Number of protein chains: 2
Amino acid sequence: MGEILVSKFGGSSLADADQIRKVLEIVKSDPRRRFVVVSAPGKSERYSTKITDELIALKQNQSNQNAQAAHARVIRSRFADITRDLGSTFTLGDDLHFLGRPAECSEDMIKSRGEYLMGKLFAAVSGFTFVDPATFIKFDWNGNLDMSACKEARDRLLDLKEGCVIPGFYGAMPNGDIKTFSRGGSDLTGSIVAAIVGANLYENWTDVSGFYTADPRLVSNAKSIISMTYEEAGELAYQGASVLHPEATLPVEEACIAIQVRNTNRPDDVGTLIVPEDRLGDRDDCPVVGIAARQDFMAIRVKKALMNAEVGFIHRVTGVLARHKINIEHMPGGMRTIDCVVERGQVNGKAGQIIGEIGRDCGPVEVIIQPDLALICVVGQRMMNKPGLLARVSGAVAAAGVSVRMVDQGLEENDIVLGVKTEDCVKAMRAIHDEFFGP
Amino acid sequence: MGEILVSKFGGSSLADADQIRKVLEIVKSDPRRRFVVVSAPGKSERYSTKITDELIALKQNQSNQNAQAAHARVIRSRFADITRDLGSTFTLGDDLHFLGRPAECSEDMIKSRGEYLMGKLFAAVSGFTFVDPATFIKFDWNGNLDMSACKEARDRLLDLKEGCVIPGFYGAMPNGDIKTFSRGGSDLTGSIVAAIVGANLYENWTDVSGFYTADPRLVSNAKSIISMTYEEAGELAYQGASVLHPEATLPVEEACIAIQVRNTNRPDDVGTLIVPEDRLGDRDDCPVVGIAARQDFMAIRVKKALMNAEVGFIHRVTGVLARHKINIEHMPGGMRTIDCVVERGQVNGKAGQIIGEIGRDCGPVEVIIQPDLALICVVGQRMMNKPGLLARVSGAVAAAGVSVRMVDQGLEENDIVLGVKTEDCVKAMRAIHDEFFGP
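Please read these numbers as outputs of a predicted model, since none were measured by experiment. (Residues numbered from 1 in each chain as written. Chains lettered and ligands numbered in written order. Predicted model: local features only at pLDDT ≥ 70, side-chain atom pairs only at ≥ 80, totals over all residues. Heavy atoms only, no water.)

S.K.: Is there a simple way to explain the sheet that holds strand E1 (residues 5–9) of chain A in this structure?
M.R.: What links the strands of a sheet is backbone hydrogen bonding, and the strands pair in either a parallel or an antiparallel sense. Residues and elements named next belong to chain A. Overall, mixed pairing links the eight strands, which are arranged E3-E4-E2-E1-E7-E9-E10-E8 in an open sheet. The two strands at the open ends of the sheet, each matched to only one other strand, are strand E3 (129–130) and strand E8 (227–229). Packed onto the sheet, helix H5 (residues 113–126) meets strand E2 (33–38), E3 and strand E4 (164–167) and runs at close to 165° relative to E4. Here helix H9 (residues 230–238) sits on the sheet and contacts E8, strand E9 (258–263) and strand E10 (272–275); the angle it forms with E8, its principal contact strand, is near 90°. (Pairing = 2+ DSSP bridges. Helix = DSSP H or I, 4+ residues; strand = E, 2+ residues; numbered from the N terminus. Contact = heavy atoms within 4.5 Å. Axes fitted to C-alpha atoms, helices over the stretch in contact; angles between N-to-C directions.)

S.K.: Any chance you could explain the pattern of salt bridges here in plain terms?
M.R.: Once the charged atoms of two side chains with opposite charge are near each other, the side chains can pair. Applying the stated criterion across every chain yields a total of 48 salt bridges over all chains. Among the ionic pairs, Asp215 of chain B bridges to Arg217 of chain B, the shortest N-O distance being 2.8 Å. The structure contains a network of salt bridges with shared partners spanning Arg46, Asp81, Arg84 and Asp85 of chain A. (Salt bridge = Lys/Arg side-chain N within 4 Å of Asp/Glu carboxyl O.)

S.K.: Even after reading the chapter, I still don't get the packing of aromatic side chains, so can you show me in this structure?
M.R.: What describes a pair of aromatic rings is the distance from one ring centre to the other and the angle between the planes of the rings. Residue and element names in this part refer to chain A. Evaluation of the coordinates by the stated rule reveals seven aromatic pairs over all chains. Aromatic pair Phe9 and Trp205: ring centres 5.8 Å apart, planes at 15°, arrangement stacked. Separated by 196 residues along the polypeptide, Phe9 in strand E1 and Trp205 in strand E7 (residues 201–206) bring together distant segments of the chain. Look at Trp205 and you get buried, because its relative accessible area is 1%. Ring plane angle 85° and centroid distance 5.4 Å describe the contact between Tyr116 and Phe130, whose orientation is recorded as edge-to-face. (Phe/Tyr/Trp six-rings, centres within 6.5 Å; stacked < 30°, edge-to-face > 60°. Buried < 20%, exposed > 50% of the residue type's maximum accessible area, 1.4 Å probe, protein only.)

S.K.: Honestly, the interface of chain A and chain B in this entry has me stumped. Any pointers?
M.R.: The figure often quoted for interface size is the accessible area lost as the parts come together. Taken together, the contact pairs 64 residues of chain A with 64 residues of chain B. Between chain A and chain B, a total of about 5400 Å² is buried, with carbon and sulfur atoms accounting for 56% of that surface. On inspection of chain A and its partner chain B, the count reaches zero salt bridges. Joining chain A to chain B, the criterion identifies 13 residue pairs in polar contact (both at pLDDT 80 or more). Looking at the side of chain A that touches chain B, the elements with two or more residues in it are H9, helix H10 (249–255), strand E11 (288–303), helix H11 (313–323), strand E12 (337–343), strand E13 (366–380), helix H14 (389–399) and strand E14 (406–409) of chain A. One ladder, built from three bridges, connects E14 of chain A with strand E14 (residues 406–409) of chain B; its direction is antiparallel. From the neighbouring strand, Val407 of chain A faces E14 of chain B, where its bridge partner is Gln409 of chain B. (Buried area = accessible area lost by both parts, 1.4 Å probe. Polar contact = N/O pair within 3.5 Å; in protein donor to acceptor, adjacent residues only side chain to side chain.)

Shown next, in the form of structure tokens:
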């Protein structure tokens, strides 16, 4: 049996007929591209909305006949446009019936239809076989991906004679109900398919030429990253590099399958190769792989004299946040203070209640909200025992006149996270980038 | 009514007759010294053990007649020696009966007798009135200091015509049972007495001339600190400066009473004045107040892919440690790892059980013990918005060739904590000290 590539194409690669022609050319240019995973059509010069956003709006407006009809029209005409522009006579037919009755379908079902319809359309214009991921990407009753159940599809997928196209973003619960991943989850579908079929490579085609040393929209001299490890890629993705879904590295990592992030619009660019550490080969001796940033964080600061000496104090604070389903990203603290650094969106509107509950559960404390925090993450090549990395990072930020409001570096961790004011974020990123990658 | 000083003397200031003569001279030289708080006799050139350690050993050996008798002899002869050397005919009499029946007394009762007996002896040789703190330093049923109950003694203490001497280190539960503070708690007794009587100053007499910019035994060019805030002193004390009990600042802080740390052996030295921030006056512009360090920490490292995205994960980890009554000092973490930095002594022998319980409560995780960590704390003058402090600290450590294994700086926190290997601790402290205080 020959080599197999699993090729996932993102929403902007499938946004209109011109883009889809590029995808068809890429897919047809190499017979090893037997498994194609498609996202829902995204934005392009011609279309200002993403199909998935239209679908979510359709569901949200299910009791508003006019709004619902408007969103249905946008979705219907988008697919009709694309099919016509591709010179195809294919029609989606019954597959569009849900547009008229969103109230009868679950939210996940509706959200998943962008990928589903794109898969049907792509199958029609490519001649590939359509395979519905609801038939093999399985979740357990807790909503966790059940990888061993997924792997039962291995023979069925490998037995397909022609190439096949698989919609991304969703799978099914044990009872068959559709369940979607979080946004960007088609990256995860591709990774799962690659792991199931034991692909030689997982190609992730998007609209940028791979990962960069920093977001090139903010740091103009950012360079593309030729190769890095799964852990580094996952960390950069999690910390704000929007190239890949942060969980997408996990299924292929377990199977030791490399990921190549490539640009549909510039297929000759080398992109970024993500590999196990022992296949990295030589890299330059720059201790930093890349820098990412996330905004819209806040700190819930809890002050109490000698809290550190109080067994279980931190546990009581974390209990309040867990009850409100808030993730704690970082928890720097001293003798009188801990700061729970969390996403602002998760606290949204509940700050008063949370302050009250911390006061109730943790005794006489002072709770202060620090509303503005941006997190900059410097992801390094195995930073352990590299004296001076923290000094270079903090020195660069200081020279730029930026105050470090928080810093978190764990033992042998691969990253240093700095908290700064939002207004200082880009300035600090540029300073750190210049320090490690030259001005 | 005139000014009042509360003067607490530490164990080395009361270790033998020569030391006690110095104390008597200090006390008698200023009639404002109306409240004297005494520790138990500590070590001196002549005596190699602390009375409190002898008392603890007495209790521990209560079922070993010979060992018990040996410790009782040491205690009895120590007080007899001191009384005789002071030329006094005073005898402790019935107050020593407990030495023959330690099994009948609670551990806290026995531990508290060093201060109690020292108080009796000091009253005899000074002519001061003996006041037992069990009559006014009150704990609630949870074992927490009940400051409002303590304050009921205000008039009684102020009505005393002569000076009085109060044993440190203990108070009483609501039923009258003796309860001790943690070791070094006589500092706290002095602070409580100062707060009760509304003293003009709380003098804390010890065997060093106040706080230093670093431990002068490790950093030879350390300088004494002339003045600082309660918070800075509490932080330095907590982080390893053994000058003062870390909680000793709290009662006087609430009452805005200054603490002066002075040296019984060098009463002309100015010592360190600890005051509310608005009474600090001008200080030099060095951003750092002092550096302290603690050894014998370890990290319990928990690894799990994407743990950050799992609501309540940190809460489950902290729950295991709270059950084992382990304080978490720091908790740096990233996307795949959190490190719970804890005192090694608290984990002692329970590491295997803790690893098992984390695995049970937190799902499939990897738990690794990092056994060796020393924590260096750089305590600053209101560090907020001081760009470059972290850079200077980490730059100095890097230049000394030391790897920073962990760093924790909270929002607007007064301190930066670095974790280093124990073998690097002194080298790093010296490097940081040279950076801020000159070589």
